[in-house]
Amino acid sequence: MATFTKLKSGSWRAQIRRKGQYVSETFLRRKDAEEWALDLERRIDRQEPAVTRKSRDAKRFRDLVALHRQDMAEVGVRIGRSKDFCLTALEEALGALKITELDRERLIKYGRNRAKEGAGPVTVSMDFGYIKTVLSHAAAVHGVILSTEPLDLARIALKRLGLIGKGKERDRRPTLDELDRILTALDENPRQSIPVGRIVRFAVATAMRQEEICRVEWRDFDPRTRMLLIRDRKDPRRKDGNHQRIPLLDVSGYDACEIIEEQARCSSAREGRIFPYNGRSVGTAFRRQCQDLKIEDLHFHDLRHEGTSRLFEAGFTIEQVALVTGHKDWKMLRRYTHLKPEALHTIRAARAA
């Protein structure tokens with residue numbers, strides 16, 4: 001049986017204890033509370049999931065997205081920039097649709113439209129992954145009755161059409177000539193206020209990501225032990241608190257510690273960020289310089305590939321390289337390891353010595 005309690009505010013709280021489940025909601029009118037309680041008791045008797053008032057009011061896809069955002073905020077889970085951007089785009093494209101309108105045909109049409117807009121198979125796959133996250137969350141947490149089968153069938157169809165798929169592993173590494181030309185052009189550009197050349201050298205020396213380089217602080221650098229602490233390093237399983245201390249080596253052709261000391265002499269600052277620049281601006285400057293030099297298909301992130309490969313070429317093992325790159329799954333290192341065949345002579349000679 002449901003119990004109804006009138007609160008000091010004048011609202012009514014309905015409480016249901018039935019078959020081991022406890023649910024409570026607050027309403028302005030007792031009649032609304034009674035109707036909700038009766039409906040919920042019937043659902044529990046039919047062994048259907050208990051529906052919260054929030055979910056009962058959710059009629060359209062944008063309502064489910066809002067529920068997901070609210071719940072993540074309530075438990076202190078931060079939604080990352082990429083996920084936030086994708087959820088916003090999904091709200092704009094599908095938000096007005098009723099939950100029942102998210103059928104197989106409509107989802108396939110959405111995937112086709114995304115492909116026409118220029119989205120690649122990986123991007124479309126990510127979109128559908130977030131759609132499933134929102135739908136599954138609504139069903140599991142709020143008891144919203146819906147099926148993810150239309151979504152699964154749409155994914156199968158789009159995959160067979162080649163509109164959904166995995167990303168191709170890049171094996172692009174800059175040649176020594178390309179890297180020399182890029183660094184020379186960046187260092188000699190009087191209009192370049194950001195020391196992009198220095199950051200490029202640091203990226204190769206440390207195999208760090210663009211945003212990590214522009215986030216590390218002076219307090220995390222220990223010149224005596226040649227160690228650097230990277231806070232909140234990227235990890236698909238942990239968004240925050242994934243700190244890692246890495247050794248700053250001098251085996252890639254660039255000395256990471258020396259680059260930091262050079263940065264100190266030029267900035268005269270020993271507080272805050274070592275490279276206090278916007279990561280996107282760094283990437284834009286790098287991309288623009290490659291375009292000016294007519295160097296094709298080279299991204300800033302390829303410098304992480306280059307730095308990782310140089311560590312292997314220096315003779316380090318997979319587990320040793322992981323201490324620098326931060327990979328938790330050693331299998332993932334394979335895609336960053338694009339050794340040049342001629343490097344085997346160097347490794348063999350080093351081991352023989």
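An unreviewed UniProt entry lists the protein under the name Site-specific integrase, with Ancylobacter pratisalsi given as the organism.

A. Structural detail: unusual backbone geometry. Positive phi, normally seen in glycine, also occurs at Ala-207, with a value near 60°. Tracing the backbone shows Ala-207 in the loop between helix H9 (196-206) and helix H10 (210-213). For Arg-226, which is not glycine, the phi torsion reads 55° and is therefore positive. Relative to the assigned elements, Arg-226 resides in the loop between strand E4 (221-222) and strand E5 (227-230). You can call Arg-226 partly exposed: its relative accessible area is 30%.

B. Quick look at the nonpolar core. Counting residues in hydrophobic clusters, the biggest one holds 39 residues, and the most contacted among them are Val-200, Phe-202 and Leu-228. Taken together, the elements giving at least two residues each to this core come down to helix H8 (176-187), H9, E5, helix H11 (256-267) and helix H12 (279-292). Ignoring sequence-local partners within four residues, the contact set of Phe-202 consists of Ala-207, Met-208, Ile-213, Leu-228, Ala-256, Ile-259, Ile-260 and Phe-275. Grouped together as the second largest cluster of nonpolar side chains are 28 residues, Val-65, Leu-87, Leu-90 and Ala-154 included.

C. Up close: the sheet that holds E4. Taken in spatial order, the three strands make up an open sheet running E4-E5-E6, and their pairing is antiparallel. Of all strands in the sheet, those bounded by a partner on one side alone are E4 and strand E6 (244-247). Summarising the sheet, E5 and E6 pair through four bridges and their orientation is antiparallel. Directly across from Ile-230, in E6, lies its bridge partner Gln-244.

D. Up close: H12. End to end, H12 covers 20 Å across 14 residues, agreeing with the expected 20 Å (1.5 Å per residue, within 8%). Of all the positions in H12, only Gly-279, Val-282, Gly-283, Ala-285, Phe-286, Gln-289 and Cys-290 are classed as buried. The buried residues of H12 occupy an angular sector of 160° when the element is viewed end-on, so they sit on one face. Looking at H12, the residues exposed on the side facing more than 90 degrees away from the buried face are Arg-280, Gln-291 and Asp-292. Where H12 is buried, its residues touch H8, H9, H10 and helix H13 (302-313). For H12, the side-chain oxygen to backbone nitrogen distance between the N-cap and Arg-280 is 2.7 Å, and the N-cap itself is Asn-278. Once H12 ends, the next one or two residues include Lys-294, with phi positive near 60°.

Here is what the cut-offs are and how they apply
- Residues numbered from 1 in each chain as written.
- Predicted model: local features only at pLDDT ≥ 70, side-chain atom pairs only at ≥ 80, totals over all residues.
- Heavy atoms only, no water.
- Helix = DSSP H or I, 4+ residues; strand = E, 2+ residues; numbered from the N terminus.
- Buried < 20%, exposed > 50% of the residue type's maximum accessible area, 1.4 Å probe, protein only.
- Core = buried A, V, L, I, M, F, W, Y, C linked by side-chain atoms within 4.5 Å.
- Contact = heavy atoms within 4.5 Å.
- Pairing = 2+ DSSP bridges.
- Expected span 1.5 Å × (residues − 1).
- Arc of directions from axis to C-beta.
- Polar contact = N/O pair within 3.5 Å; in protein donor to acceptor, adjacent residues only side chain to side chain.

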